[in-house]
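A look at the structure
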Amino acid sequence: MEGVVRWCDWEGNGLEHCEYRQDDNGLALEGVVAGTREGKYGGHYFVRTDSRFCTREVRVEYVAGARLHLEADGEGYWRDLLGDRSIPSLDGCLDVDISITPATNALPIKRLRLKEHESRDIAAAYVPLPSQIEGAFLPRRAEQRYTCLTLDQRYRYDGLFRAFSAELEVDEFGLVLDYPDTFRRVLASR
């Protein structure tokens with residue numbers, strides 16, 4: 001399965017182009033973003049999971065700015081490939097949450113396979129917006145909760161680490177349609 005989705009920000013500015021590919025080995029997401037949230041920026045991301053949808057590789061690069069390249073073992077241990085060091089603060093994180101895209105919400109949705117009205121708390125490796133980077137460009141641990149509201153269609157996302165909640169409608173592949181007050185889907189093709 002493969003396809004393309006595009007989102008703009010809630011006000012209709014900025015644009016993201018994301019290509020996804022899923023096979024028996026896992027899921028890959030790759031996208032480019034011309035963003036407008038908390039300033040203007042450009043960025044590229046790549047995420048690869050294993051067959052259980054646990055994150056295994058993450059690359060993020062902001063135009064004329066910071067970049068990161070991480071690998072994870074699928075069991076919650078992360079390594080910074082640019083700094084050649086482990087990242088113990090991310091121990092136990094199986095998902096990545098890249099703030100410039102709604103695409104990474106699909107990772108825990110697919111991995112958790114929640115039943116209707118079931119909730120699960122997770123810890124994700126949160127990659128901040130360019131304006132939020134302080135010091136070394138590494139993700140930080142972010143406590144989150146996903147709740148399945150209606151099977152395979154609506155989820156509640158709670159960013160416990162920042163007291164934020166949103167109801168997300170997703171397509172049949174677990175990709176967000178609209179992320180209220182943040183992103184709107186403008187295209188999907190397979």
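As a starting point, this report considers the structure included with it. (Residues numbered from 1 in each chain as written. Predicted model: local features only at pLDDT ≥ 70, side-chain atom pairs only at ≥ 80, totals over all residues. Heavy atoms only, no water.)

1. Focus: the side chain of Asp-97
How we decide: Under the DSSP-based scheme used, a helix requires at least four consecutive residues in state H or I and a strand at least two consecutive residues in state E, with every element numbered from the N terminus. Here the term buried applies to any residue with accessible area under 20% of the maximum for its type, exposed to any over 50%, and partly exposed to those in between, with areas from a 1.4 Å probe on protein chains only. Residues scored as charged are limited to Lys and Arg (positive) and Asp and Glu (negative), so that His and the chain ends carry no count. Any carboxyl oxygen of Asp or Glu within 4 Å of a side-chain nitrogen of Lys or Arg constitutes a salt bridge here. We call two N or O atoms a polar contact when they sit within 3.5 Å, provided that within protein one can donate a hydrogen and the other can accept it, with sequence-adjacent residues counted only if both atoms are side-chain atoms. By the convention used here, residues are in contact when the closest approach between their heavy atoms is within 4.5 Å.
Of note, Asp-97 is situated in strand β9 (residues 95-98). Despite its burial, Asp-97 remains without a salt bridge, the nearest opposite charge being carried by Arg-162 at 5.4 Å. Here Gln-144 takes part through its side chain, which lies 2.7 Å from a polar atom of the side chain of Asp-97. Not counting chain neighbours up to four residues away, the residues in contact with Asp-97 comprise Thr-104, Ala-124, Ala-125, Tyr-126, Val-127, Gln-144 and Tyr-157.

2. Points about a nonpolar patch on the surface
Inclusion rule: Nonpolar side chains (Val, Leu, Ile, Met, Phe, Trp, Tyr) within 5 Å and like charges within 9 Å form the patches, drawn only from residues with over 30% relative accessible area and no salt bridge. A 1.4 Å probe and the Shrake-Rupley method give the accessible areas. Residues count as covered only by the protein chains that appear here.
A cluster of nonpolar side chains, Leu-15, Val-186 and Leu-187, forms an exposed patch at the surface whose accessible area comes to about 230 Å². Note that Val-186 resides in strand β15 (residues 183-189).

3. Topic: unusual backbone geometry
The bulk of non-glycine residues show a negative phi, and the bulk of peptide bonds are trans. Residues other than glycine seldom take positive phi values, yet Glu-38 does so here, at roughly 55°. Locating Glu-38 in the fold gives a position in the loop between β3 (26-35) and β4 (41-49). What makes Glu-38 exposed here is its relative accessible area of 53%. At Asp-181, a position not held by glycine, the phi torsion is positive, near 65°. With respect to the helices, strands and loops of the structure, Asp-181 is situated in the loop between β14 (176-179) and β15. Taking the relative accessible area as the measure of exposure, Asp-181 reaches 64% and is therefore exposed.

4. Things to note about the pairing of β4
We apply this condition: Strands are treated as partners if at least two bridges between them are detected by DSSP.
Most of β4 sits inside the fold, with seven of its nine residues counted as buried. Where β3 meets β4, eight bridges bridge the pair, whose relative direction is antiparallel. Across the sheet, the residue bridging to Gly-35 is Tyr-41, located in β4. What sits between the antiparallel neighbours β3 and β4 is a turn of five residues, in which Glu-38 has the positive phi angle 55°. Of the strand pairs in this sheet, β4 and strand β5 (residues 55-62) are connected by seven bridges, and their pairing is antiparallel. Looking at β5, one finds that Tyr-45 is bridged to Val-60. Hairpin remark: β4 followed by β5, antiparallel, with five residues in the connecting loop; positive phi at Phe-53, about 70°.

5. Comments concerning empty space enclosed by the protein
Cut-off, in case you're wondering: A cavity, in this analysis, means grid points on a 1 Å lattice covering only the protein atoms where a 1.4 Å probe fits yet has no way out; a pocket is instead an open set bounded by protein on both sides within 12 Å along at least five of seven lines, and a residue lines either one if it has an atom within 4 Å of a point. Grid points are joined across faces, edges and corners, and a volume is the space filled by probe spheres set on the points. Only Asp, Glu, Lys and Arg are considered charged, only Ala, Val, Leu, Ile, Met, Phe, Trp, Tyr, Cys and Pro nonpolar, and every remaining residue, Gly among them, polar.
Scanning the entire structure with this criterion turns up two cavities of 30 Å³ or more. If you add up the space inside the largest cavity, you get close to 80 Å³. Elements that contribute at least two residues to the lining of the largest cavity include exactly β1 (2-9), β2 (15-23) and β3. Partitioned by chemical class, the residues of the lining of the largest cavity number eight nonpolar, four polar and three charged. When its volume is computed, the second largest cavity comes out at roughly 40 Å³. Lining the second largest cavity, in full, are Met-1, Tyr-20, Gln-22, Leu-27, Leu-29, Ala-106, Lys-110, Phe-173 and Leu-175.

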